[in-house]
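Structure assessment
Here's the letter readout for the chains.
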Amino acid sequence: MPIGVISDTHDNVAAVRAAVDLFESAGVDRIVHCGDVVAPPVLPEFEGFEVHGVLGNNDGELDGLEAGFRALGDGSRLHGRFAELEFDGARFAVRHGEDLDRVEELAANGRYDFVCYGHHHERECREVGGTVVLNPGAHFPTVPESERTVALVDPARSGAAAVRFERVD
């Protein structure tokens with residue numbers, strides 16, 4: 001079953017609804033959010049999924065965000081600035097990505113199959129050794145349409161072939 005990866009939703013409820021529709025169509029039941037949810041009211045849109053998130057530089061209502069993730073149930077959690085996750089044997093490191101040097105260090109250390117990040121509002125999928133570095137795109141209103149994407153990750157596959165981008169309209 002694929003893992004959904006999203007980032008930088010910036011309170012864009014319409015984009016989150018469209019992404020959720022894509023995730024449902026793809027059979028996703030677990031989502032990784034790479035930060036910048038911004039405020040709790042968007043979180044109920046993720047109901048029915050197990051959602052793991054990290055804090056971004058625009059995430060301000062910490063208590064509300066933590067409560068919102070907990071309210072989703074199903075193991076959903078806001079992990080702070082960094083998450084180390086494992087799904088179906090695939091190891092994920094998740095950061096928001098303000099510090100690209102840290103993203104590169106995580107990719108180079110060889111401990112993870114996927115290093116997911118956001119912040120820069122540009123999608124990316126590349127390999128560093130055996131690790132996939134993945135930015136799923138963003139949903140901030142000024143982001144070009146070409147970057148308004150989410151990623152689907154097949155944890156049973158390895159390398160960049162495990163990742164498929166889907167445009168969010």
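Residues numbered from 1 in each chain as written. Predicted model: local features only at pLDDT ≥ 70, side-chain atom pairs only at ≥ 80, totals over all residues. Heavy atoms only, no water.

**Observations regarding the pairing of strand β10 (residues 149–153)**
For clarity, the cut-off: We call a residue buried when its accessible area falls under 20% of the maximum for its residue type, exposed when it is over 50%, and partly exposed in between, using a 1.4 Å probe and counting protein chains only. Helix and strand assignments follow DSSP, with helices taken as H or I runs no shorter than four residues and strands as E runs no shorter than two, numbered in order from the N terminus. By this definition, two strands are paired if DSSP reports at least two bridges between them.
With respect to burial, β10 is a largely interior element, five of its five residues being buried. On β10, burial covers both faces: Thr149, Ala151 and Val153 on one face and Val150 and Leu152 on the other are all buried. The sheet contact formed by strand β1 (residues 3–6) and β10 spans three bridges and is antiparallel. Its bridge partner being in β10, glycine 4 is matched across the sheet by leucine 152. Judged from the five bridges that link them, β10 and strand β11 (residues 163–167) form a sheet pairing that is antiparallel.

**Looking at the nonpolar core**
Just so we agree on the cut-off: Definition of nonpolar core: a set of buried residues of the types Ala, Val, Leu, Ile, Met, Phe, Trp, Tyr and Cys, connected through side-chain atoms within 4.5 Å.
Counting 23 residues, the largest nonpolar core has Phe23, Ile31, Phe46, Phe49 and Val51 as its most contacted members. Put simply, the parts of the chain that give this core at least two residues each are α1 (13–26), α2 (62–72) and β10. Counting residues per element, this core draws most heavily on α1, at six residues. Among the nonpolar cores identified, the runner-up in size contains 19 residues, and Ala83, Phe114, Val132 and Val163 belong to it.

**A word on the sheet that holds strand β9 (residues 131–135)**
The following threshold applies: Lines fitted to C-alpha atoms define the axes, with helix axes restricted to the stretch in contact, and inter-axis angles between N-to-C directions lie between 0 and 180 degrees.
The strand order across the open sheet built from five strands is β5-β6-β7-β9-β8, with neighbouring strands paired in mixed fashion. Of all strands in the sheet, those with a lone pairing partner are β5 (82–87) and β8 (124–128), marking the two edges. Across the sheet, the mean angle separating the axes of adjacent strands is 20° when strand polarity is ignored. Summarising the sheet, strand β7 (residues 114–116) and β9 pair through three bridges and their orientation is parallel.

**Re unusual backbone geometry**
Phi is positive for aspartate 88, which is not a glycine, with a value near 50°. Residue placement: aspartate 88 occurs in the loop between β5 and β6 (90–95). Aspartate 88 sits in the exposed class, given a relative accessible area of 52%. The backbone of histidine 121 shows a phi angle near 60°, a positive value even though the residue is not glycine. Locating histidine 121 in the fold gives a position in the loop between β7 and β8.

**Considerations on α1**
This is how it is decided: Every helix has an expected span of 1.5 Å times one less than the residues it contains.
Its 14 residues place the ends of α1 20 Å apart at the C-alpha level, agreeing with the 20 Å of an ideal helix rising 1.5 Å per residue. For α1, the full list of buried residues reads Ala15, Val16, Ala18, Ala19, Val20 and Phe23. Backbone geometry just after α1 places glycine 27 at a positive phi near 80°.

**Observations regarding the state of the cysteines**
What counts here: Note that a disulfide, as used here, is simply two cysteine sulfur atoms within 2.5 Å.
Under the definition given, this model contains zero disulfides. Here cysteine 34 is not disulfide-linked; the sulfur of cysteine 116 is the nearest cysteine sulfur, at 5.1 Å.

**Considerations on the sheet that holds strand β2 (residues 30–33)**
What counts is decided by this rule: It only takes one pair of heavy atoms within 4.5 Å for two residues to be counted as in contact.
The six strands lie next to each other as β4-β3-β2-β1-β10-β11, forming an open sheet whose pairing is mixed. Only two strands of the sheet have a single partner each, and these edge strands are β4 (77–78) and β11. Sheet strands in contact with α1 are β1, β2, β10 and β11, and its direction is about 20° off that of β10.

**With respect to the pattern of salt bridges**
Convention followed: Counted as salt bridges are all cases of a side-chain nitrogen of Lys or Arg within 4 Å of a carboxyl oxygen of Asp or Glu.
Under the criterion given, the structure shown has 12 salt bridges. For arginine 91, the salt bridge is made with aspartate 113, and the minimal N-O distance between the two is 3.4 Å. Here aspartate 113 lies in the loop between α3 (100–108) and β7 and arginine 91 lies in strand β6, a separation of 22 residues in the sequence. Ionic contacts of the salt-bridge type, sharing partners, join the residues Asp29, Arg30 and Asp88 into one network.

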